[in-house]
Amino acid sequence: MDDGQARQIVERLTDVRLRIAAAANAARRDPEAIRLVAVSKFQPEAAIAAAVAAGQTDFGESRAKELTTKLAASIGVARWHFVGRLQRNKVRDVVGRVALIHSVDRPSLATAIAERAARDGRTQSVLIQVDLRGEHRKGGCAPTDLPALLAHAEELDGIAVAGLMTIPPIDDAPGAAFADLARLRDRFQPSHPTLVELSMGMSADLETAVAHGATIVRIGTAVFGARPQRP
Ligand SMILES: *Cc1c(COP(=O)(O)O)cnc(C)c1O
């Protein structure tokens with residue numbers, strides 16, 4: 001990564017922050033209420049370092065192995081997020097190392113996370129990933145399974161559900177999915193008061209997500225440029 005590439009990342013970050021601020025203003029929301037997670041999967045450590053130098057605090061990874069490698073590099077990231085599908089045998093590589101796991105979608109995974117965290121005397125914050133259209137493409141629980149999963153997680157020590165996450169369907173306007181996720185959060189928040197966050201919105205649809213109440217946007221290519229091939 002040369003100086004020009006690093007400068008480009010700083011410029012793109014500024015653009016993304018402006019897009020978030022404009023979308024928040026249009027929705028009469030406080031831009032500070034929207035956290036930008038820079039999704040750095042497949043990106044080199046130098047790209048992350050350039051974003052850190054520009055004041056970016058939150059970064060997201062989608063594979064446990066890559067997260068482990070990047071943690072070992074000590075790049076100065078304030079908070080890591082795990083946004084990808086998580087297998088139970090990888091839970092130990094993620095729990096306690098990230099501020100938030102966005103992708104809990106089944107009781108067995110919630111149990112594994114809780115047990116690992118409790119053993120270390122921690123509470124792991126997580127989001128429940130909801131698959132609103134039943135695509136099963138990128139994980140997520142069906143909306144009808146959400147109440148049972150919430151109840152299950154609340155029985156466990158070591159895990160705290162902070163909100164909901166979704167990846168919108170590819171061939172559908174994302175706004176409907178984002179509106180559905182916000183409605184689910186609003187419906188279950190009275191009985192589950194810790195259910196606050198809405199992790200939704202990526203490079204192509206962050207404005208729509210902010211308009212529908214996103215509190216966390218997960219942005220990859222708009223910050224880092226095109227993703228290199230899988231490492
Ligand atoms: C890769 C990824 C993103 C970022 O996608 P972009 O379109 O590059 O912004 C967001 N969320 C998840 C879960 C991802 O895997």
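Residues numbered from 1 in each chain as written. Predicted model: local features only at pLDDT ≥ 70, side-chain atom pairs only at ≥ 80, totals over all residues. Heavy atoms only, no water.

(A) Up close: the site of the ligand. Within the structure, the ligand sits among Val 39, Lys 41, Val 83, Ile 167, Met 202, Ser 203, Arg 218, Ile 219, Gly 220, Thr 221 and Arg 227. At 2.9 Å, a side-chain N or O of Arg 218 approaches a nitrogen atom of the ligand. Calculation on the ligand without its partners gives an accessible area of 390 Å², and the protein chains cover 88% of this total. Here the ligand is seated within the largest pocket. (Near = heavy atom within 4 Å. Polar contact = N/O pair within 3.5 Å; in protein donor to acceptor, adjacent residues only side chain to side chain. Areas by Shrake-Rupley, 256 points an atom, 1.4 Å probe, with all protein chains shown as cover. 1 Å grid on protein atoms, 1.4 Å probe; cavity = no way out; pocket = protein on both sides within 12 Å on 5 of 7 lines; lining within 4 Å. Sits in = over half its atoms within 2 Å of the grid points.)

(B) Expanded view of the layout of surface pockets. For the largest pocket, the calculated volume is near 760 Å³. For the largest pocket, the lining is made up of 28 residues, of which Lys 41, Lys 138, Ile 167, Met 202 and Arg 227 are closest to its centre. Considering only residue class, the lining of the largest pocket consists of twelve nonpolar, six polar and ten charged. The volume enclosed by the second largest pocket comes to roughly 290 Å³. Together, 13 residues line the second largest pocket, and Pro 31, Glu 32, Ile 34, Arg 35 and Leu 36 are the ones closest to its centre. Broken down by secondary-structure element, the contributors of at least two residues to the lining of the second largest pocket are α1 (3-26) and β1 (35-39). Of the residues forming the lining of the second largest pocket, the biggest block, three residues, is contributed by α1. Considering only residue class, the lining of the second largest pocket consists of five nonpolar, three polar and five charged. (Points joined across faces, edges and corners; volume = space filled by probe spheres on them. Nonpolar A, V, L, I, M, F, W, Y, C, P; charged D, E, K, R; others polar. Helix = DSSP H or I, 4+ residues; strand = E, 2+ residues; numbered from the N terminus.)

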